[in-house]
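# Structural overview
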Amino acid sequence: MEKQVENGDVTQRYWAKQDFSQIPGTFSPSGKCRELLESSQCVLDLGCGARALSAGPGRNARTTVGVDINANALRHLATRDLNVFPVLAEASMLPFRAQTFDAVLIVALMTVVPRYSDVERIVCEVRRVLRPGGALYVGDFLFDPNSPTYRSRYRPEDPQTLYAADEAGRPLYLARHWTEEELFSLTQGMRKESFEVSTASSRSGNKLQGFEAIFRQP
Ligand SMILES: C[S@@+](CC[C@H](N)C(=O)[O-])C[C@H]1O[C@@H](n2cnc3c(N)ncnc32)[C@H](O)[C@@H]1O
């Protein structure tokens with residue numbers, strides 16, 4: 001799997017330099033996310049982009065921190081007066097003390113981190129900064145082997161990953177859609193509170209399978 005996603009670093013550079021207006025915010029969290037925000041005092045929105053879902057409906061937190069590797073998106077967030085504290089950082093190396101947050105949101109972040117070992121590092125950091133009993137909310141695409149979109153746009157030898165290239169054929173970024181098994185393996189040791197399959201819109205407007213899940217820190 002690591003070999004198949006060798007362009008993971010290209011992908012990270014791509015996201016770090018995108019203009020905020022080019023960062024897709026297509027995933028729509030449901031009431032589960034709202035309920036979690038209502039019951040959380042200190043929230044971390046990881047890979048918040050320019051949208052900062054944690055500042056949306058349900059928000060009740062005294063402290064909301066938005067982390068992203070894209071400085072442009074964070075600058076835009078700061079102009080929006082959303083009361084989100086922007087932090088430029090890599091999700092796998094968070095500049096926070098252990099057991100700081102009641103809830104961590106990762107929405108459409110796993111998809112843009114195509115290497116399994118990188119996602120593992122991110123989940124490990126999330127667990128470090130979550131308080132005991134704290135919740136991880138994940139909303140993202142879910143790989144669907146029966147989807148005609150995957151068959152037509154993705155490589156047969158790696159049907160979970162979209163390889164986007166520029167006009168000259170140079171790799172731009174990879175988008176990897178994880179399976180339910182991979183998600184559960186990544187969050188092993190946490191209690192699965194909910195898992196629901198939904199519909200999600202891709203950047204190019206395709207309707208794909210998505211999921212929302214909540215995992216609790218013991
Ligand atoms: C598809 S966008 C989703 C943004 C936002 N969560 C939303 O739903 O509107 C993915 C975001 O993750 C950020 N990102 C990608 N890799 C990251 C990393 N390793 N650490 C922190 N942020 C990252 C990107 O810069 C981008 O803003």
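For the structure itself, look to the data block above.
Described in the following lines is the structure provided in the data block. Computed from a prediction, not measured in an experiment: that's the story for all the values here.

## What to know about the state of the cysteines
The full count for this structure, using the stated rule, is zero disulfides. Not part of a disulfide, Cys48 finds its nearest cysteine sulfur in Cys33, a span of 13 Å.

## Quick notes on helix H3 (residues 71-79)
Turning to H3, its buried residues are Ala73, Leu74 and Leu77. Down the axis of H3, the sector holding all buried residues measures 95°, keeping them to one side. Opposite the buried face of H3, by more than 90 degrees, sit the exposed residues Arg75, Ala78 and Thr79. Of the surrounding secondary structure, the elements contacted by the buried residues of H3 are strand S2 (63-68) and strand S3 (85-88). N-cap assignment for H3: the residue whose side-chain oxygen lies 3.0 Å from the backbone N of Asn72 is Asn70.

## Concerning the site of the ligand
Close contacts around the ligand come from 20 residues, with Gln12, Gly47, Arg51, Asp68 and Val107 the closest. Between a nitrogen atom of the ligand and a side-chain N or O atom of Glu90, the distance comes to 3.1 Å. With respect to the ligand, the backbone of Val107 contributes an N or O atom lying 2.8 Å from a nitrogen atom. Grouping the amino acids of the shell around the ligand by side-chain chemistry returns 12 nonpolar, five polar and three charged.

## Examining the pairing of strand S5 (residues 130-141)
Summarising burial for S5: nine of the 12 residues are buried, a large majority. The parallel pair strand S4 (residues 101-107) and S5, bridged by helix H4 (residues 116-129), forms a crossover whose chirality is right-handed. Pairing between S5 and strand S9 (residues 207-216): seven bridges, direction antiparallel. What sits directly across from Asp140, in S9, is Phe211.

Rules used throughout
- Residues numbered from 1 in each chain as written.
- Predicted model: local features only at pLDDT ≥ 70, side-chain atom pairs only at ≥ 80, totals over all residues.
- Heavy atoms only, no water.
- Disulfide = S-S within 2.5 Å.
- Buried < 20%, exposed > 50% of the residue type's maximum accessible area, 1.4 Å probe, protein only.
- Helix = DSSP H or I, 4+ residues; strand = E, 2+ residues; numbered from the N terminus.
- Arc of directions from axis to C-beta.
- Contact = heavy atoms within 4.5 Å.
- Polar contact = N/O pair within 3.5 Å; in protein donor to acceptor, adjacent residues only side chain to side chain.
- Near = heavy atom within 4 Å.
- Nonpolar A, V, L, I, M, F, W, Y, C, P; charged D, E, K, R; others polar.
- Right-handed = clockwise from strand over helix to strand, strands pointing away.
- Pairing = 2+ DSSP bridges.

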